[in-house]
Structures are given as C-alpha cells and as structure tokens.
Amino acid sequence: MGIDEDQKAREAGTPRVVPSGTSYGSDGHRNASFLERTHTVKLQIGQTDIGNLSIIESIPPNKRVVVQINAVSAHVPNFFSGPSWTSKLNPATWRKSSAATPVDDRPTMRQILFGIQGRIEPGEVLALMGPSGSGKTSLLSIMGARAQKLMKVSGSVTFNGAPLTKRLKRQVGYVLQDDLLYESLTVEETLGYAAALRLPREMSAADKAKRVDDVITALSLEGCRKTVIGGFFRKGISGGERKRTSVGHELLINPSIMFLDEPTSGLDSTTAMHLLQMLQFLAKGGRVIVTTIHQPSSRIYQTLDNLLLLSQGHCMYHGKAHHAVDWFDALGYTLPYRVNAADFILDLASADVSTEGGRDGEETRKYLVSCSELFMAKHPMEGFDFDTDKEDLHEIREKLDGGSPDVSTSSLDPVDLNGGNGLEKNGQGSIKALHVVAEEGGQGGEDANSNEHRWGASYKDQLKILFQRSIRTRRFQNFSVQDIAQLMVIAVLSGLFWLQKAQDDTLLSARNTIGLLFFEIMFLAFRMLFVALFTFPEEQRMMLKERASGMYRLSAFYFARLMSDWPMDFTIPTLFIIVVYFMGGLRYTAGAFFANYFTVILSMLVAQSLGLLIGTMVMNPKTAQTYATIIMLAMVLTGGFFVVGLADWIGWLKYLSFIYYALGMVLYFEFQGRTIYSCMEQGTDTCVLTNPSDPSTSPECTPVTNLQDSLQLLQDPNSQGEAIRNGFILLGFLIFFRVWCYYALRSKTAGL
Ligand SMILES: Nc1ncnc2c1ncn2[C@@H]1O[C@H](COP(=O)(O)OP(=O)(O)OP(=O)(O)O)[C@@H](O)[C@H]1O
C-alpha cells in the first residue's frame, strides 16, 4: 500500500494495512534507515485465520436456512405499570398528586422496537449495532424465540418462510451475553455433557467424544480443557476462553443458525477480532450468524458483512457494513478524518452528531432514521448496497429535504413514519392482538411429529447424564472442608451444652431433652432450606437456557436434581445427628436412634423442598430470603417449643408447621414408655437424685403421671397414633412441596 492509499484508508476510518516488508518509523512515515532494524508489521484485516476450524463440517444445502425479519415491533411494560397505588411512588406524579390529580398518565407499555425488517442468507454474518439500550438484545431474543414473556411482540421472524418450530429451535445455537456455564465443570466436562445431551442418540459415545475433541481443537481450547470454568470465587479459564467455550457449546450441534449476544464484550481487541473471524468462517460454511456488537474496533468493523444499526429501537441503517459510510456520506454526514467508522455511525445513532448551523444531534438522528425507513419502504427486505441503490438516496433526500441536507427535520417523527399502533398511550386491546400475532407466528408452536426423537438423548440417558453432572457441579460446594467443619463445630458445641443431659429420667432433664430435639430439627431444617433457596435460582437460569435449546425434559432435570442431592445432603447431616444424639445422651437403643434419624432427615427434606419451592417461585434471592425467613420463623414459633397456649384464632397455624409434626415424632421416640420423675418439694420441679440410674430409689421423686401436661407439650409423647399421623403428614408435606415445585418450574419454562 502506497502513501496515497494509506491516506485514503485513514480517511475511510480504516486502520493502516502494512504489507509484509514495509516498515514505518515512529512518525508514521516510511523510513528506509529503519528497514534493517525494525520488525515487519502485518495486520490481518478481512482475512480469516481459520486455524483448526476447518474440522467443523459445513451445513449441507438442504439444511441451510434463510432468516427473515418481518416488521418486528416490541413493547415492554413501564416500571410504573403496576397496581395504581404504586404510581404514588413515582416522583414524576408527586406534583400531580399534590394538585389532587391522582391520574398517572404515563403509558403502561413502552415501545422498544419499531417495525424492524431484514433478510439474512446462509453464509452471512449480520451484526446488530447500536448504542446501549437501542434494542439489540431484545431484537436478538425475538429472533431466537427467547423473548421475555412480558415483552409484547408483533410482526414475525421466519426461517425458510416458516415460523421457528421447537424442532428447528434445537438446531439454533444461542450464545448469551453472560456466558451461563457451570463454574465447577472443566471445559471438557462442559462440552462433554452438552454433547451427550444434545447430539442425536443414534451417534455413538465415541463419535460424541470425537465431536467434543474437534470443537476443542477448532476453538483452540486444548490448553484449558482440564481447567474449571470458574467464577467470582474460584478463578478459572480466561474471559476469551469462556466465550469460546460458550460458542463451542453451541457449535457441538453444528447449528444452521447462530445468535450471539455481545460475544466480544470483555475481550481485548485482538481476541475479539479472532472471535469475529471465527464467526465469519463459520458463516461461510452455510450458516446464518447474527451477532450483537457494542463498540467494535475499526479492525472488527472491517470484517462485518451486513449491518443493522439500531437507534432507540428504529433501524437507522441496514445493508452492507462497508457501504454504511457511503450511505451516511450521501445523506450529508461525512466520516471525519481520523475517526473510526464504527465510532462515527454509533455517534450518529446516539444523536451525538450535529451539523454546523443545521440540525442538532437529535434532529440528525430522526432525519437518518426517516431516510432508512423510506429506503425500507421501497426495499422491504434487502439491505442497502451502494453499487445498486445509490440512486435511491437522491430520491430520499428529495423527499425529505428537497436535496438540502441542512433543512431541519425536527418535525419528523420516526414513530409516525412507522405507522404507530396505538400502544404509545395505553393500548391494552392492541397488546392482546400482539399476543395473538406472536403465537400465530408460531414462536411457541410445535410441529406435528415433534415427539419423534425430539430430544438428543433418551429419557433414561437424560436422567443419568443430568444426575452425574449435577453431582459434579457441586463437588466443591457440598464437601468443602469449611462446610464439614462448620457443622461439626456446631454439633460438638451443642453436644457439650447438652452433654448426657437426656440420660436422666427427671423433668428437668426432659425439658433439656426437648430443647435438644427441637434444636436438632430446627438447625438442619434452616440450613437445608437456605441452601436450597440460594442454589436453585442459579440452576434455574441455567435450566431455562438449556431448556430453550431443547436439551432435556423438565422432569428429567427435576428428578436428576433431586436424586443428586441425596448422597451429598445426607452425609454431613448424618454426622451431625450422630454427634448430637450420642453426646446429648438421647435414648441408647437402635430403634430410637434410627427413628430419630429418619424423622430429622424427613423434616430436613421437607425444609429443602420448601426452599426449592420458594426459590423457584421468587427468583430474586433477596426477596426469596425474606419470604423464607418469615415462613420459617412462623413454623418454628408455632412448632410447639417456644410458644404454648396460643389463642385459637392463631393457634391453628401450628398445623401448617412441619416442625410441629417432626417434634411430635421425635418426642414420641424419645419418651414413649419412659417414666419421668418429678420432685415433690413445693415451688420446684427438680429432683435431687441420690441414685441417678434409678430415680425410683430417691424418696423425694415421684413418677410423672401426665408427661404432656407436666412438660406443657402440644402433643402427647406417649401417643403412637399421633406419631404415625405426624409421619404421614410430613410425607404429605414432602410430596406436596415437591410436586408444587415441579409445576412452578413448568410454568416458568412454559413455551420453551
Ligand atoms: N423486560 C424489560 N422490561 C423493561 N424494559 C426492558 C425490558 N427489556 C428491555 N427493556 C428496555 O428495552 C430497551 C432495549 O433494551 P436492550 O437490552 O434490547 O438494549 P441493548 O441495545 O441490547 O442494550 P445494551 O447494549 O446496553 O445491552 C432498553 O431501554 C431496556 O430498558
């Protein structure tokens, strides 16, 4: 490249391409005297370093897909669209309230996408660009049929002319912005489990392993294949490796369509460049690739094929990426010298570019959106191509400003140009219509033969794989030394506090024993409930992502998750129960011990189910914690230890407390058939035993005739009938909470 060419490239906002053998001095000028001493600089632009990617097969012609976006608009609820009283919390309405006008005139829905359209052919990469909040992620999620339920969408996205069916959705790769991966799994395990679940069941295990190897090699992940993904507390692979693992996760199924949300965020420009080159190469294999991209470097910008530039939900440009500068230039907005083209068009979209003595930034933005919408009206699906469409630009300018780019367009409202749809104010009726359009569009639909090999792995294999993975994912959590130490310290401390106190057959000792039994149940229940509460929302996000890719049945995930809890959740509590039981001196018979053990474990499982249920229904961990604390405290307080003699109007709450039933059971196992002695001296109920092993020989002690009354218990510790009833009710609680939890999960993933 000569100096003239270099100058041109700079004007076009592109980086300098320095051919091999050419060197530049620090002042940027060719300097022959440095030829021998300096290294040769070579930047790869538009040239894909495919490396090992050639291992990944191309998409056969019959599986190639054309994606079409047909006038997609979207609305989301406003923050203040809750119950009417919440509008009082809105500072914007305070003045009105003081003026005794309690009407909140804010629209309940806000439009975030305005009639976006376009078409992407196999072999193309479409980049969705735009400033923050312009609607890139929303548009991508609508294209991938992953839009949030509360988003009301109209228009449609078609795949080879048909809506996205569940079956096709399983052939779509979707890489989320925040790389949802299990932190405790290694790269190899992550891809291995995904392959086992996603690849067709007809494929042999060896072939699946080979596919994993291929993907690892293709994405240059060999160096970290045995490294854990890591997270906030445990350092693992780097950001770039994490991103590549996420791409690999999708690449395993060799998808015909890939959607990627901000794949370059957090990456340095070189790594980001390689990732984009990789996507380019994958597209060339017959795929459609749609990626959002926030702030591309000039090198990355050069690699993009097609660009859809969004500005506040409107399309500002759609067409060849390398023609975008020409488009804006022809409309009167020339790329300034030494400015990166990507920065410039983002500035235009952000209303940051004004013309001297003409339009301000916002007027410029509206003007350009209007130009784009006029172009789209004429070419509904095709993007702009300078070579064939440049004449249209004159027409557009004629129409909008009579050929002068400096005529103010402040009166132009792009929303009006788009036709509007009545939702700007409060169009509940229209929202309903949008729902129907979205459903008719088939994004949640299912094709007739969908059950035939709908899932990669068989149900039995899904259970097995998910069970193994679930155990692996928590290998650092559940058996951590800290966790065991914490439980053992508490067990030994409580053992010391109640040291052999339960051995004496006196009323005082019985009171202490009730305290010990209550503590044993309550501590483990609290612990299990809060562990379940905090771990599940994390799993749920992962499950939503994986279910959206059609990796497994919900029931397989659910049962595998529950089964995988058992070995880990029983071991440490078992140690706890053993220590507390024998240090506290509870009844030394095998029957009493195992009855106590199973009752405590059962109550612990009920608490865990309650935690899972709250965690499922309330995704926000802080809110879930608040609910869980209130519910657990209500159960503990009505459980029969702290408060007795509750008034009837509130006393019935004890029947909802699983602790009430569990305590009733362990008291029965501890005291049934035992004679407890009371002191005859007035004003005290304690005895001084002359012979502790046989209280009956102490003359001042007498057997208690009614233990329930003496100990002020809510249930009779000698009633076998009550104990059996309690056991059934606890089991009922367990089943009820687990079934409810399953249906809560199902409703969360409905339509996926
Ligand atoms: N569920 C939602 N509830 C309310 N507003 C929403 C919701 N989803 C998206 N929005 C709004 O829609 C607009 C577009 O959001 P979106 O995340 O699509 O933007 P983006 O271009 O991807 O931004 P970024 O680059 O910052 O990720 C934003 O104003 C956002 O606040």
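Residues numbered from 1 in each chain as written. Predicted model: local features only at pLDDT ≥ 70, side-chain atom pairs only at ≥ 80, totals over all residues. Heavy atoms only, no water.

J.: What exactly am I supposed to notice about the overall build of the protein chain here?
T.: Helix and strand counts for the protein chain stand at 25 helices and twelve strands. For the protein chain, the residues scored as buried account for 51% of the 752 residues in total. Taking contacts inside the protein chain between residues at least 6 apart in sequence as the whole, the part at least 24 apart equals 77%. On the protein chain, roughly 33,900 Å² of surface is accessible, and the fraction owed to carbon and sulfur atoms is 57%. (Helix = DSSP H or I, 4+ residues; strand = E, 2+ residues; numbered from the N terminus. Buried < 20%, exposed > 50% of the residue type's maximum accessible area, 1.4 Å probe, protein only. Contact = heavy atoms within 4.5 Å. Areas by Shrake-Rupley, 256 points an atom, 1.4 Å probe, with all protein chains shown as cover.)

J.: Would you take a moment to explain the nonpolar core for this structure?
T.: Soluble globular proteins: nonpolar side chains tend toward being buried together. One finds Met-129, Tyr-301, Leu-307, Trp-327, Phe-328 and Phe-658 to be the most contacted residues of the largest nonpolar core, which totals 154 residues. At 18 residues, helix α18 (residues 507-548) tops the list of elements feeding residues into this core. The residues touching Tyr-301, leaving out its near neighbours within four places in the chain, are Met-129, Pro-296, Leu-307, Ala-321, Ala-324, Ala-341, Ala-342 and Ile-345. (Core = buried A, V, L, I, M, F, W, Y, C linked by side-chain atoms within 4.5 Å.)

J.: Explanation requested: the side chain of Thr-506 in the structure shown.
T.: With respect to the secondary-structure elements, Thr-506 resides in the loop between α17 (481-497) and α18. Here Ser-509 takes part through its backbone nitrogen, which lies 3.1 Å from a polar atom of the side chain of Thr-506. (Polar contact = N/O pair within 3.5 Å; in protein donor to acceptor, adjacent residues only side chain to side chain.)

J.: Explain the sheet that holds strand β4 (residues 152-159) to me, please; I cannot follow it from the model alone.
T.: Strand pairing in a sheet relies on backbone hydrogen bonds. The paired strands run either parallel or antiparallel. Pairing is antiparallel across the open sheet formed by four strands, whose spatial order is β2-β1-β4-β5. Edge strands, defined here as strands with exactly one partner in the open sheet, are β2 (109-120) and β5 (162-163). Direction of pairing for β4 relative to β5: antiparallel, over a ladder of two bridges. Bridged to Phe-159 within β5 is Ala-162. (Pairing = 2+ DSSP bridges.)

J.: Just to check I follow, could you spell out the environment of Leu-610 for this structure?
T.: On the secondary structure map, Leu-610 appears in helix α20 (residues 590-617). Its relative accessible area of 5% is what places Leu-610 among the buried residues. The spatial distance from the C-alpha of Leu-610 to the C-alpha of Arg-738 is 8.0 Å, given a sequence separation of 128 residues. In this structure Leu-610 touches Leu-529, Ile-631, Met-635, Phe-658 and Phe-737, once residues within four positions along its chain are discounted.

J.: I keep staring at the pattern of salt bridges and nothing clicks. Help me out?
T.: Pairs can form between side chains of opposite charge whenever their charged atoms are close. What the rule picks out here adds up to eleven salt bridges. Between Arg-225 and Glu-188 there is a salt bridge, and its shortest N-O distance comes to 2.8 Å. Within this pair, whereas Arg-225 is found in the loop between α6 (205-218) and α7 (239-251), its partner Glu-188 is found in helix α5 (residues 187-198), the two being separated by 37 residues in sequence. Here Arg-472 ties to Glu-189 by a salt bridge, and the two come within 2.9 Å at their closest N and O atoms. You can see Arg-472 sitting in helix α16 (residues 459-473) and its partner Glu-189 sitting in helix α5, a full 283 residues away along the chain. Taking the relative accessible area as the measure of exposure, Glu-189 reaches 16% and is therefore buried. (Salt bridge = Lys/Arg side-chain N within 4 Å of Asp/Glu carboxyl O.)

J.: How should the site of the ligand be read in this particular structure?
T.: Around the ligand there are 16 residues in total, and Ser-132, Lys-136, Thr-137, Ser-138 and Gln-148 lie nearest to it. Here an oxygen atom of the ligand and a side-chain polar atom of Arg-110 are 3.3 Å apart. With respect to the ligand, the backbone of Ser-134 contributes an N or O atom lying 3.1 Å from an oxygen atom. Here the ligand has 630 Å² of accessible area as a free molecule, and 69% of this is covered by the chains. For the shell around the ligand, the secondary structure elements donating two or more residues are β1 (67-77), β2 and α3 (136-143). For the shell around the ligand, the residue count by class is five nonpolar, eight polar and three charged. (Near = heavy atom within 4 Å. Nonpolar A, V, L, I, M, F, W, Y, C, P; charged D, E, K, R; others polar.)

J.: How should I be thinking about the UniProt feature "transmembrane region" (unreviewed entry) in the protein chain in this particular structure?
T.: Under the feature "transmembrane region" (unreviewed entry), the UniProt entry names residues 479-499, 514-536, 557-582, 594-615, 627-646, 652-671 and 727-745. Between the end C-alpha atoms of residues 557-582 the distance is 38 Å, and the span holds 100% helix and 0% strand. Secondary structure across residues 594-615 comprises 100% helix and 0% strand; the distance between its end C-alpha atoms is 31 Å. (UniProt positions renumbered as here; feature names shortened; annotations may be inferred.)

J.: Just checking my understanding: could you explain the side chain of Arg-674 for this structure?
T.: Residue position: Arg-674 is located in the loop between α23 (658-671) and β11 (677-679). Separated by 3.4 Å, the side chain of Arg-674 and the backbone oxygen of Asp-504 make a polar contact. What Arg-674 contacts, discounting residues up to four positions off in sequence, is Ala-502, Gln-503, Asp-504, Asp-505 and Arg-587.

J.: What am I meant to see in the pairing of strand β6 (residues 172-175) here?
T.: Side chains on a regular strand alternate between the two faces of the sheet. Residues Val-172 and Tyr-174 line one face of β6 and the alternating positions Gly-173 and Val-175 line the opposite face, and both faces are buried. Direction of pairing for β6 relative to strand β7 (residues 257-260): parallel, over a ladder of four bridges. The residue of β7 that forms the bridge with Tyr-174 is Phe-259.

J.: Sorry if this is basic, but what is going on with α16 here?
T.: Residues spaced three or four apart along an α-helix face the same direction, because each turn holds 3.6 residues. Between its terminal C-alpha atoms α16 stretches 21 Å, which fits the 21 Å expected from 15 residues at 1.5 Å a residue. Listed in full, the buried residues belonging to α16 are Gln-462, Leu-463, Ile-465, Leu-466, Arg-469, Ser-470 and Thr-473. (Expected span 1.5 Å × (residues − 1).)

J.: When you look at the environment of Leu-711 in this model, what are you seeing that I'm missing?
T.: Mapped onto the elements of the fold, Leu-711 is located in the loop between α24 (707-710) and α25 (720-748). The buried category is assigned to Leu-711, whose relative accessible area is 8%. Distance in space between the C-alpha atoms of Leu-711 and Leu-507 is 7.6 Å, their sequence separation being 204 residues. Sequence-distant contacts of Leu-711, defined by excluding residues within four places in its chain, comprise Leu-507, Ala-510, Arg-511 and Ile-514.

J.: Sorry, what's going on with the pairing of β2 here?
T.: Summarising burial for β2: ten of the twelve residues are buried, a large majority. Bridge analysis of β1 against β2 gives eight bridges, and the strand direction is antiparallel. Across the sheet, the residue bridging to Ile-69 is Gly-118, located in β2.

J.: How do you make sense of the sheet that holds strand β8 (residues 288-293) when you look at a structure like this?
T.: The six strands are arranged β6-β7-β8-β3-β9-β10 in an open sheet whose pairing can be described as mixed. At either margin of the open sheet sits one strand with a lone partner, and together these are β6 and β10 (314-320). Neighbour-to-neighbour, the strand axes of the sheet open up by a mean angle of 15°, direction not taken into account. Relative to β8, α3 is tilted by about 155°, and along the sheet it contacts β3 (125-129), β6, β7, β8 and β9 (306-311). Taken strand by strand, α7 contacts β6 and β7, and its axis lies near 165° from that of β6. (Axes fitted to C-alpha atoms, helices over the stretch in contact; angles between N-to-C directions.)

J.: What is the right way to read the packing of aromatic side chains from this model?
T.: Ring pairs (aromatic) are described by centroid distance and by the angle formed between their planes. Under the criterion given, the structure shown has 28 aromatic pairs. Measuring from ring centre to ring centre gives 5.5 Å for Tyr-317 and Trp-327, while their planes differ by 65°; the resulting arrangement is edge-to-face. Taken together, the positions of Tyr-317 in strand β10 and Trp-327 in helix α10 (residues 324-330) put the pair ten residues apart, joining distant regions of the chain. Given a relative accessible area of 0%, Tyr-317 falls into the buried group. Exposure remark for Trp-327: the relative accessible area of 1% places this residue in the buried category. Here a set of aromatic residues connected by ring pairs shows up, and it is made of Tyr-581, Phe-582, Tyr-588, Phe-593, Phe-594, Tyr-597 and Phe-598. (Phe/Tyr/Trp six-rings, centres within 6.5 Å; stacked < 30°, edge-to-face > 60°.)

J.: How should unusual backbone geometry be read in this particular structure?
T.: Excluding glycine, residues mostly carry a negative phi; peptide bonds, for their part, are mostly trans. For Asn-160, which is not glycine, the phi torsion reads 50° and is therefore positive. In this fold, Asn-160 is placed in the loop between β4 and β5. Residue Asn-160 is classed as partly exposed on the basis of its relative accessible area, which comes to 48%. Notably, Gln-500 is not glycine yet its phi reads approximately 55°, a positive angle. Structurally, the position occupied by Gln-500 is in the loop between α17 and α18.

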